[in-house]
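Inside the fold
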Amino acid sequence: MEVYSWYCSEVISKWLGGKMWKGWDDYDRWDAELEQALSEKVYLSNSDEKWNALFILDLYEDYLYKADLWNTDEKSMEVSSEILNAQIKDYLQSWECEGSILQVFYMNNLEELLKGAKRFEGKELAKDAPIKEVLPKGELVFPLSQHIGAPATPIVAVGDTVLKGQKIAEAGGFVSSPIYSSVSGTVKKIEPRRVAVGDMVNSIVIESDGEFNEVTYNAVDDVTSLSKEEIINKVKEAGVVGMGGAGFPTHVKLSPKEPEKIEYIIANCAECEPYLTADYRRMMETPEQLVAGMKIILQLFDKAKGVFGVENNKPDAIAKLKELVKDEPRMEVCELMTKYPQGGERQLIYAVTGRAINSKMLPADAGCIVDNVETMIAVYNAVKNGIPVMK
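Quick caveat: nothing in here was measured; it's all calculated off a predicted structure.

1. Quick notes on the overall build of the chain
Of the regular secondary structure elements, the chain holds 12 helices and 11 strands. Within the span of the chain, comprising 391 residues, buried residues form 48% of the whole. If you take every contact in the chain between residues at least 6 apart in sequence, the share linking residues at least 24 apart comes to 71%. With the model as given, the accessible surface of the chain reaches about 19,400 Å², and the carbon-plus-sulfur share is 50%.

2. Details of the pattern of salt bridges
Inspection of every chain in the model, using the stated rule, returns 18 salt bridges. With its nearest N and O atoms 3.0 Å apart, the salt bridge here joins Glu170 to Lys167. By relative accessible area, Glu170 is classed as partly exposed at 31%. Here Glu285 and Arg281 are joined by a salt bridge, their closest N and O atoms 3.1 Å apart. Residue Glu285 and its partner Arg281 are both found in helix α8 (residues 278-285); the two are separated by 4 residues, about one turn of the helix. Residues joined by salt bridges that share partners form a network here, namely Glu139, Glu191 and Arg193.

3. Considerations on the layout of surface pockets
For the second largest pocket, the calculated volume is near 580 Å³. The wall of the second largest pocket is formed by 21 residues, among which Glu133, Arg282, Glu374, Met390 and Lys391 lie closest to the centre. Counting residues per element, the lining of the second largest pocket draws most heavily on helix α12 (residues 373-385), which supplies 4 residues. When grouped by side-chain class, the residues that make up the lining of the second largest pocket number 12 nonpolar, 2 polar and 7 charged.

4. Remarks on unusual backbone geometry
You will see that Phe212, though not glycine, has its phi angle at about 55°, which is positive. The phi dihedral of Glu271 falls on the positive side, at around 45°, and the residue is not glycine. Looking at where Glu271 falls in the secondary structure, it is placed in the loop between β8 (264-268) and α8.

5. Focus: the side chain of Asn372
Looking at the secondary structure, you find Asn372 in strand β11 (residues 368-372). Here Asp279 takes part through its side chain, which lies 3.2 Å from a polar atom of the side chain of Asn372. Residue contacts for Asn372: discarding those within four places in its chain leaves Met243, Gly244, Asn268 and Asp279.

6. Here we look at the sheet that holds strand β3 (residues 161-162)
Here 4 strands make up an open sheet; going across it, the order is β1-β7-β6-β3 and the pairing antiparallel. With one partner strand each, in any of the chains shown, β1 (139-143) and β3 form the two edges of the open sheet. Note: strand β6 (residues 185-194) against strand β7 (residues 200-208), 9 bridges, orientation antiparallel. Within β7, the residue paired with Thr186 across the bridge is Glu207.

7. Side note on α8
With respect to burial, α8 is a largely interior element, 6 of its 8 residues being buried. Among the residues of α8, those classed as buried are Asp279, Tyr280, Arg281, Arg282, Met283 and Met284. Here the buried face of α8 lies against β8, α9 (287-298), β9 (305-311), α10 (315-325), β11 and α12.

8. Things to note about the nonpolar core
Within soluble globular proteins, side chains that are nonpolar tend to cluster in buried spots. Counting 43 residues, the largest nonpolar core has Ile265, Leu290, Phe301 and Phe308 as the members making the most contacts within it. Of all elements in the fold, only α6 (228-237), β8, α8, α9, β9, α10, β10 (331-336) and α12 reach the threshold of two or more residues within this core. Element by element, the count of residues in this core is highest for α12, at 8 residues. Discounting residues that sit within four places of it in the chain, Leu290 has contacts with Cys269, Met283, Phe308, Leu321, Val373, Met376 and Ile377.

What counts and how
- Residues numbered from 1 in each chain as written.
- Predicted model: local features only at pLDDT ≥ 70, side-chain atom pairs only at ≥ 80, totals over all residues.
- Heavy atoms only, no water.
- Helix = DSSP H or I, 4+ residues; strand = E, 2+ residues; numbered from the N terminus.
- Buried < 20%, exposed > 50% of the residue type's maximum accessible area, 1.4 Å probe, protein only.
- Contact = heavy atoms within 4.5 Å.
- Areas by Shrake-Rupley, 256 points an atom, 1.4 Å probe, with all protein chains shown as cover.
- Salt bridge = Lys/Arg side-chain N within 4 Å of Asp/Glu carboxyl O.
- 1 Å grid on protein atoms, 1.4 Å probe; cavity = no way out; pocket = protein on both sides within 12 Å on 5 of 7 lines; lining within 4 Å.
- Points joined across faces, edges and corners; volume = space filled by probe spheres on them.
- Nonpolar A, V, L, I, M, F, W, Y, C, P; charged D, E, K, R; others polar.
- Polar contact = N/O pair within 3.5 Å; in protein donor to acceptor, adjacent residues only side chain to side chain.
- Pairing = 2+ DSSP bridges.
- Core = buried A, V, L, I, M, F, W, Y, C linked by side-chain atoms within 4.5 Å.

Next up, the structure:
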């Protein structure tokens, strides 16, 4: 059972977290990832078993949408689960590798899998701890690829003195983002450095002087006086990118081809992952900034409604947001079931709107734009206060 539990939480949840089968390019990459992930825990005797694993996971995720299993009532879930249960068991029983560990696992755990992963949360470890600002020291490395798209281009040279909040690299194209220094100090090197994913990325190395001398920011008195173009340019210039993990430049997301067809701006407040409480603390400590960020984004889309999607294991955060938006006709709070991967973009859109998108679609194709809590707060700071992304 220890092997089965690990397999469910670490592998199945990973594949359900926004990934669907797109073709052989994905298979080659996923095959390697799956083999590495399982190498120490589960023995897969041959490539056919890995292929079957990917097939079942895709079938499962796709069925969540088609059978209305996601965020629905328990009775409907039971009926739909019985149908899918039978469908997958028929497939499993056709496996030539009868009795394999994957076959046994799926046959014994289908009913639980269909309800969404109920994971240990662990949020009590940090949920009540206020946010603390930790000032960086010494040598800091600023990779020029902190986002999806073209790398940023350095606009400083070795030996230059920089201030906190100063732009040190310009966006390398439309789908790119500028980089700002989070410290004051001296540029020591511009060279490739290894980043968390293992790649070597051209980076600016700055030695902090410990003073944190800062540039002067240009705040706006009345954001409602800004045009749509001015708002998007401020978001772009501030280097705002998706802070839920993808790092997609936010100004691109806020510039769909048909903005008049956007009907939902969804704040991803689910934070469904175990242990994580950063978004929760933001909702508890600075919910006004989150709501203000939503207001700014709604200025870009005349027909859209703003929805804060929050899992129901955060009742205090839900109460705060409901109080703040009670007099806002274009905003509402949507309480979501607590389960993983509720915060996945496609799962969240379906839970909030009932609209399903497949792997070939973007959220905008379903009339939706989704932004993380921290991203919306960054939009507020960029547009209202003129403060770029530095943390």
